[in-house]
Amino acid sequence: MHKFEKIWLSAGTASLAIFLIIIGISAVHGGHTPAASGIETINPEHVRDDARFKEPGLKESADDDYDYDLYFVASAFMYEPGEVEIPSGSTVKIHVTSPDVVHGFQVVGTNINMIAEPGLISTYEMTFDEPGEHLIVCNEYCGVGHTDMTSMINVVA
Ligand code: CUA
C-alpha cells in the first residue's frame, strides 16, 4: 500500500470515529428533554383530573413575565376551548396536551405550530398585538374527524 493511501485511509477512519462520537453525544442529550425547552410531562390518563386542564381556557398568570396562561386539550376530534378571547397586547403562554392520540396545534397567521402528544404538555409564549381571528387547525392526521378539528383565538381590542 502506498504511503498516501495509508494517510487517506486513516483520515477517513478518524472522521468516521468523530462522526460516531457526535451521534453518540446527540443521542445521549436528546434522550431526555429539560423542562426549560417548553415541554413538560403529564399522565395522559389523568388530563381531566389536572387542575390546569379540567376547565381549559384562559387564566390570569401567576407569573410576572406574562399575562395569561391558555390551556388547551386536543382530543379526537376537537379542541377545548372551542373558541377563546384574548385582550390585544397581552402576552400569553399556551399549554397544549392530548388525552388520546397525537394531534397538531397550528395557529394560522402566527409562528405557533406545536404537537399535542399524549404524556406531554407543549408550551409556547407569544404576545398578541393585533386584534383579529386566528384559526387553530390540527396538522397531524388523527382519524376520520381530523379535518373538522379546529378552534379559534379571537384577539379583541
Ligand atoms: Cu387531531 Cu388531526
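In the annotation of an unreviewed UniProt entry, the protein is listed under the name Cytochrome aa3 subunit 2 and assigned to Jeotgalicoccus aerolatus. In the Catalytic activity (unreviewed entry) part of its UniProt record, the protein is described as follows: "4 Fe(II)-[cytochrome c] + O2 + 8 H(+)(in) = 4 Fe(III)-[cytochrome c] + 2 H2O + 4 H(+)(out)". We quote the UniProt Subcellular location (unreviewed entry) comment for the protein here in full: "Cell envelope".

Looking only at helices and strands, one finds two helices and 11 strands in the protein. Shown N-terminal to C-terminal, the secondary structure of the protein runs as helices and strands in the order α-β-α-β-β-β-β-β-β-β-β-β-β. Per-residue burial for the protein yields a buried fraction of 21% across its 157 residues. In the protein, once contacts between residues fewer than 6 apart in sequence are set aside, the share between residues at least 24 apart is 64%.

Judged by nonpolar contacts, the single largest core of 25 residues is most densely connected at L70, F72, A74, V92, V96 and F105. The biggest single contributor to this core is strand β3 (residues 68-75), with six residues. Setting aside chain neighbours within four positions, we find F72 in contact with P56, Y79, E80, I94, V96 and F105.

With that out of the way, let us pick up the pairing of strand β6 (residues 90-97). Inspection of the sheet shows β3 paired to β6 by six bridges, in the parallel sense. Its bridge partner lying in β6, V73 is registered against T97. Pairing geometry for β6 and strand β9 (residues 120-128), over seven bridges, is antiparallel. When the bridges of β9 are listed, T91 appears paired with T127.

On to the environment of D148, then. Its place among the elements puts D148 in the loop between β10 (132-137) and β11 (150-156). For the pair D148 and A76, spaced 72 residues apart in sequence, the C-alpha separation works out to 9.7 Å.

With that settled, consider the confidence of the model for the protein. Looking at the protein, pLDDT values average 87 and 78% of them are 70 or higher. For the stretch residues 28-36, pLDDT sits under 50, and the model shows two contacts to residues farther than four places along the chain or on other chains. We note a pTM of 0.76 for the whole complex and an ipTM of 0.99 for its interfaces.

The rules we used
Residues numbered from 1 in each chain as written. Predicted model: local features only at pLDDT ≥ 70, side-chain atom pairs only at ≥ 80, totals over all residues. UniProt positions renumbered as here; feature names shortened; annotations may be inferred. Helix = DSSP H or I, 4+ residues; strand = E, 2+ residues; numbered from the N terminus. Buried ≥ 20, exposed ≤ 12 C-beta atoms within 10 Å, placed from the backbone. Contact = placed C-beta atoms within 7 Å. Core = buried A, V, L, I, M, F, W, Y, C linked by C-beta atoms within 7 Å. Pairing = 2+ DSSP bridges. pLDDT = per-residue confidence, 0-100.

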